[in-house]
Amino acid sequence: MISFNSENVRLPAIDYDRVREWIGKVAASHGYVVGRLSYLFCDDPYILETNKKFLDHDYFTDIITFDSTRGERISGDMVISLDTVASNAIAVGDSYDNELLRVIIHGVLHLCGIDDKGPGEREIMEANENAALSLWQA
């Protein structure tokens, strides 16, 4: 089950059924099935407070992923700042919708075991994000 909720913002105007199907395809391409996934869309102040409270990080971010994956079933809670998604879209010269999809699937890729903090890992994550976005376009 994949749920989408919001705090301090409106839910983005996207095709949630299509997003659910896409997430399932991306998970399957990595050898996983989808369990319970929860997305919470929020603003920058909310994600900053979440980052401080749970990770002791005092900075804004686009997504925080809380992993509850067991075996081959991905599960977790993802908090996405729509403010940061919008500013990142401008910074990278992409559309808001594409950047939002990239962030949505970024959390799923973390649940599939792909990291982006160590040497060379960011490039691996980006390649996997691009492969996932190509599935969206298909």
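Structure: see above.
Here is what the cut-offs are and how they apply
Residues numbered from 1 in each chain as written. Predicted model: local features only at pLDDT ≥ 70, side-chain atom pairs only at ≥ 80, totals over all residues. Heavy atoms only, no water. Salt bridge = Lys/Arg side-chain N within 4 Å of Asp/Glu carboxyl O. Helix = DSSP H or I, 4+ residues; strand = E, 2+ residues; numbered from the N terminus. Buried < 20%, exposed > 50% of the residue type's maximum accessible area, 1.4 Å probe, protein only. Pairing = 2+ DSSP bridges. Right-handed = clockwise from strand over helix to strand, strands pointing away. Phe/Tyr/Trp six-rings, centres within 6.5 Å; stacked < 30°, edge-to-face > 60°.

Draft legend 1. Local environment of the pattern of salt bridges. Scanning the model with the defined rule gives eight salt bridges in all. The residue E21 makes a salt bridge to K25 at a minimum N-O spacing of 3.5 Å. In this pair, E21 and K25 are both assigned in helix 1 (residues 16-29), four residues apart and thus about one turn of the helix distant. Given a relative accessible area of 44%, K25 falls into the partly exposed group. Between E126 and R122 there is a salt bridge, with its nearest N and O atoms 3.2 Å apart. In this pair, E126 and R122 both sit in helix 5 (residues 121-137), four residues apart, roughly one turn of the helix. Classification of R122 by relative accessible area gives partly exposed; the value is 29%.

Draft legend 2. Local environment of the pairing of strand 1 (residues 2-6). One ladder, built from five bridges, connects strand 1 with strand 2 (residues 33-42); its direction is parallel. What sits directly across from S3, in strand 2, is S38. Read from strand 1 through helix 1 to strand 2, the crossover connection turns out left-handed.

Draft legend 3. Representation of the packing of aromatic side chains. Following the criterion strictly, the structure yields six aromatic pairs and no others. On the numbers, 6.4 Å between centres and 15 degrees between planes, the contact of Y39 with F41 is stacked. Assigned by exposure class, Y39 and F41 land together as buried. With centroids separated by 5.4 Å and ring planes inclined at 75 degrees, the aromatic side chains of F54 and F66 adopt a geometry described as edge-to-face. Note that F54 is positioned in helix 2 (residues 44-55) and F66 in strand 3 (residues 63-67), a separation of 12 residues in sequence. The exposure class assigned to F66 is partly exposed, which follows from its relative accessible area of 25%.

Everything listed here is a matter of coordinates, which is why it stays silent on function.
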